[in-house]
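Topology and contacts: notes
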Amino acid sequence: MSGKVVLHYFDGRGKMESIRWLLAAAGVEFDEVLLTKREQYEKMLKDGDLVFQQVPLVEIDGMKLVQTKAILNYIAGKYNLYGKDVSERAMIDVYSEGLRDLMEMMMILPFTPPEKKEAQLKTIQDRATGRYLPAYEKALAGSQFLVGGKMSCADVHLIEATLMLQEKFPAIISSFPNVKAFQGRMKAVPAISKFLQPGSKRKPQPDDVYVKTVMSVLNMQLPVQ
Amino acid sequence: MSGKIVLHYFNGRGRMEPVRWLLGAAGVEFEEVFLTTRAQYEKMLEAGDLMFKQVPLVEIDGMKLVQTKAILNYIAGKYNLLGKDLKERAMIDMYSEGLRDVMDMITALPFLPPEKKAAQLKSLEDSATGRYLPIYEKALTGSQFLVGDKLSCADVHLMEASLMLEENLCTILSSFPNVKAFQGRMKNVPTIKKFLQPGSKRKPPPDDVYVKTVMTVLRPQL
């Protein structure tokens, strides 16, 4: 009774976007149930679907998985995007975790109070150019992919993260030619090319509607931790 | 040239403690290099050992691994603490990630200004009792371990997290009998029993010396 993959989340990027990217890169179709009201969320809680009362939730292969990393690892393992052995997997994890740290900084931006946004943007730019991009630039020297000569989830996270960075800082990868070339190659991968076209499940940048929906569904108050 | 496992971190728990626990539970020996000065850290940066300029760093099987989760995954995989298939692994990951969220809240405590500590402790108590412990309580109903019928890294993380919670909120497990019983069983696992004894690599709760060292070594980063 495997059937479809169903994503439960808000109608926006947040923590679910990396999962959408990974499924798309693996060429896997999925449906989405979009959370728009507090009552929907309360019903999910009551039904016991949300193990830690949190989304993302992904229905896949008879499981109702929560915790973004657990979901990503399962998809990567199932669709052969996790390297060929434990050592490759370790390197893939190292690269993926770095990108997750970076993307999490960007994810909280829309929830950051206006007076702190400027500082947060500066921190993201400094970390990206001083800490993260140099590591990926080095990893891609003379290499098509980050690990093992084959596409892995780390490569998918890297294309996602660099595109997100460019949305905020258009020239940011201009001094990282290997990353830039990598982006070009990834954009040409058919499944990724398709995901980058209008009409795909890829979500646009977060706007006020998104922020408002998340806050009202989760009964959140600013500032967000 | 595999040889020893070497941990590079501050002389305290922080993000390295789950790694120490996991190696301890697996019965694997390791050495430690403690970061005590800014100069040491800068030397590591210059040597290019820290991919993202951060510790933990673990030397294992010819690799210099950073990123706590990558390190934990590797150790769990290597020492058979990741379940028997992808689906068990997904459950183990789910439970582990929940515990990581709880432990991150505790790890942040010593670095908070005094006026924010009380609020954070309350938040921790509410999350632990309202969101996390009920899940582990349920998962352990009629079950020795969290996933499958075998010790996994999720069990080790739960043991570690529940002890840390009790250090900060001493009666917190009183309404979670399955978790308390689980703790009792885990304490009798020989490798864990050994890790819980004085003289093991287990680190004590963070104190002012620890906080000061971290801040001095990492300076603007924190």
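Rules of the game
- Residues numbered from 1 in each chain as written.
- Chains lettered and ligands numbered in written order.
- Predicted model: local features only at pLDDT ≥ 70, side-chain atom pairs only at ≥ 80, totals over all residues.
- Heavy atoms only, no water.
- Helix = DSSP H or I, 4+ residues; strand = E, 2+ residues; numbered from the N terminus.
- Rg over C-alpha atoms; globule rule 2.2 N^0.38 Å.
- Buried < 20%, exposed > 50% of the residue type's maximum accessible area, 1.4 Å probe, protein only.
- Areas by Shrake-Rupley, 256 points an atom, 1.4 Å probe, with all protein chains shown as cover.
- Lys, Arg positive; Asp, Glu negative; His and termini not counted.
- Charge placed at Lys NZ, Arg CZ, Asp CG, Glu CD.
- Salt bridge = Lys/Arg side-chain N within 4 Å of Asp/Glu carboxyl O.
- Contact = heavy atoms within 4.5 Å.
- Arc of directions from axis to C-beta.
- Buried area = accessible area lost by both parts, 1.4 Å probe.
- Polar contact = N/O pair within 3.5 Å; in protein donor to acceptor, adjacent residues only side chain to side chain.
- Domains from an automatic or database assignment.
- Pairing = 2+ DSSP bridges.
- Axes fitted to C-alpha atoms, helices over the stretch in contact; angles between N-to-C directions.
- Parallel < 35°, antiparallel > 145°, perpendicular 65-115°, else oblique.
- Left-handed = near helix turned anticlockwise from the far one by under 90°.
- Nonpolar A, V, L, I, M, F, W, Y, C, P; charged D, E, K, R; others polar.
- UniProt positions renumbered as here; feature names shortened; annotations may be inferred.

A tally of helices and strands in chain A yields nine helices and four strands. When the elements of chain A are put in sequence order from the N terminus, they spell out β-α-β-α-β-β-α-α-α-α-α-α-α. Its C-alpha atoms give chain A a radius of gyration of 18 Å, within 12% of the compact-globule value 17 Å for 225 residues. Each of the three principal axes of chain A carries a C-alpha extent, and together these read 50 × 50 × 35 Å. Counting over 225 residues, chain A shows a buried share of 52%. If you sum the accessible surface of chain A, you get close to 10200 Å²; carbon and sulfur atoms cover 54% of it. The positive charge centre, built from 30 side chains, and the negative charge centre, built from 26, are 2 Å apart in chain A.

Before going further, it helps to spend a moment on the side chain of Asp 155 of chain A. Residue and element names in this part refer to chain A. As for its position among the elements, Asp 155 is in helix H6 (residues 153–168). We note that Asp 155 is buried and unpaired, the nearest opposite charge coming from Arg 185 at a distance of 7.3 Å. In this structure, Asp 155 is in contact with Phe 145, Leu 146, Lys 150, Phe 182 and Met 186, ignoring residues within four places of it in sequence.

All names here are of chain B. Considered for burial, the residues of helix H7 (residues 177–187) that qualify are Val 179, Phe 182, Gln 183 and Met 186. Looking down the long axis of H7, one finds its buried residues gathered within 105° of arc, a one-sided arrangement. Buried residues along H7 sit against helix H5 (114–139), helix H6 (153–168) and helix H8 (190–195).

Across the contact, 35 residues belong to chain A and 31 residues belong to chain B. A buried area of about 2900 Å², summed over both sides, lies between chain A and chain B, and 60% of it is on carbon and sulfur atoms. When the area that chain A buries against chain B is broken down by residue, the three leading residues are Phe 52, Val 94 and Arg 131 of chain A, summing to 22%. Our enumeration of links across chain A and chain B arrives at two salt bridges. The shortest N-O distance in the salt bridge between Arg 100 of chain B and Glu 97 of chain A comes to 3.7 Å. Viewed at the interface, chain B and chain A are joined by eleven residue pairs in polar contact (both at pLDDT 80 or more). Elements with a contribution of two residues or more to the side of chain A that touches chain B: strand E4 (63–66), helix H3 (68–78), helix H4 (86–107) and helix H5 (114–139) of chain A.

Right, let's talk about the domain arrangement of chain B for a bit. Residue and element names in this part refer to chain B. Along its sequence, chain B is organised into domain 1 (6–79 + 196–218) and domain 2 (86–189). Between the C-alpha centres of domain 1 and domain 2 there is a distance of 21 Å. Buried surface at the junction of domain 1 and domain 2, both sides included, amounts to about 1500 Å², of which 68% is carbon and sulfur. Taken together, domain 1 and domain 2 are joined by four salt bridges. Arg 202 is paired through a salt bridge with Glu 167; the nearest N and O atoms lie 3.9 Å apart. Where domain 1 touches domain 2, the interface holds two residue pairs in polar contact (both at pLDDT 80 or more). When residues of the side of domain 1 that touches domain 2 are traced back to their parent elements, those giving at least two are helix H1 (17–25), helix H3 (68–78) and helix H9 (208–218).

Residue and element names in this part refer to chain B. Strand order across the open sheet formed by four strands is E2-E1-E3-E4, with mixed pairing between neighbours. The open sheet terminates on both sides in strands that have one partner only, identified here as strand E2 (31–34) and strand E4 (63–66). Going across the sheet, the axis of each strand differs from the next one's by a mean of 20°, ignoring polarity. Alignment of strand E3 (residues 57–60) against E4, held across four bridges, turns out to be antiparallel. Across the sheet, residue Ile 60 finds its bridge partner in E4, namely Met 63.

Quick look at the packing of helix H4 (residues 86–108) of chain B against H5 of chain B now. Residue and element names in this part refer to chain B. For the pair H4 and H5, the least separation of the axes is 11 Å and the interaxial angle reads 160°. Looking at the two axes, H4 sits roughly antiparallel to H5. The chirality of how H4 crosses H5 is left-handed. Residue-level inspection shows Tyr 95, Gly 98, Leu 99, Asp 101, Val 102, Met 105, Ile 106 and Ala 108 of H4 in contact with H5, the latter providing Gln 120, Leu 124, Ser 127, Tyr 132, Ile 135, Tyr 136 and Ala 139. A breakdown of the residues in the contact of H4 with H5 according to their chemical character gives eleven nonpolar, three polar and one charged.

Turning our attention to the domain arrangement of chain A. Residues and elements named next belong to chain A. Under the domain assignment used here, chain A contains domain 1 (5–79 + 196–218) and domain 2 (86–189). Inter-centroid distance (C-alpha atoms) of domain 1 to domain 2 is 21 Å. Contacts between the two partners involve 20 residues from domain 1, matched on the other side by 20 residues from domain 2. Across the domain 1/domain 2 interface, buried area totals approximately 1600 Å², and carbon plus sulfur atoms make up 66% of it. Broken down residue by residue, the surface that domain 1 buries against domain 2 is led by Trp 21, Lys 69 and Gln 205, which jointly contribute 31%. Run the count over domain 1 and domain 2 and you get four salt bridges. Note that Arg 13 and Glu 167 form a salt bridge whose closest N and O atoms lie 2.8 Å from each other. One can count four residue pairs in polar contact (both at pLDDT 80 or more) joining domain 1 with domain 2. Looking at the side of domain 1 that touches domain 2, the elements with two or more residues in it are helix H1 (17–25), H3 and helix H9 (208–218).

UniProt records the feature "domain: GST C-terminal" (unreviewed entry) at residues 85–207 of chain B, using the numbering of this structure. Secondary structure content for residues 85–207 of chain B is 67% helix and 0% strand, while the C-alpha to C-alpha distance between its ends is 41 Å.

Under the local residue numbering, the UniProt record ascribes the feature "domain: GST N-terminal" (unreviewed entry) to residues 3–83 of chain A. End C-alpha atoms of residues 3–83 of chain A are separated by 26 Å, and the span's content is 36% helix alongside 20% strand.

A word on the UniProt feature "domain: GST N-terminal" (unreviewed entry) in chain B. Within this structure's numbering, the places UniProt gives as "domain: GST N-terminal" (unreviewed entry) are residues 3–83 of chain B. With 36% helix and 20% strand, residues 3–83 of chain B has end C-alpha atoms that lie 26 Å from one another.

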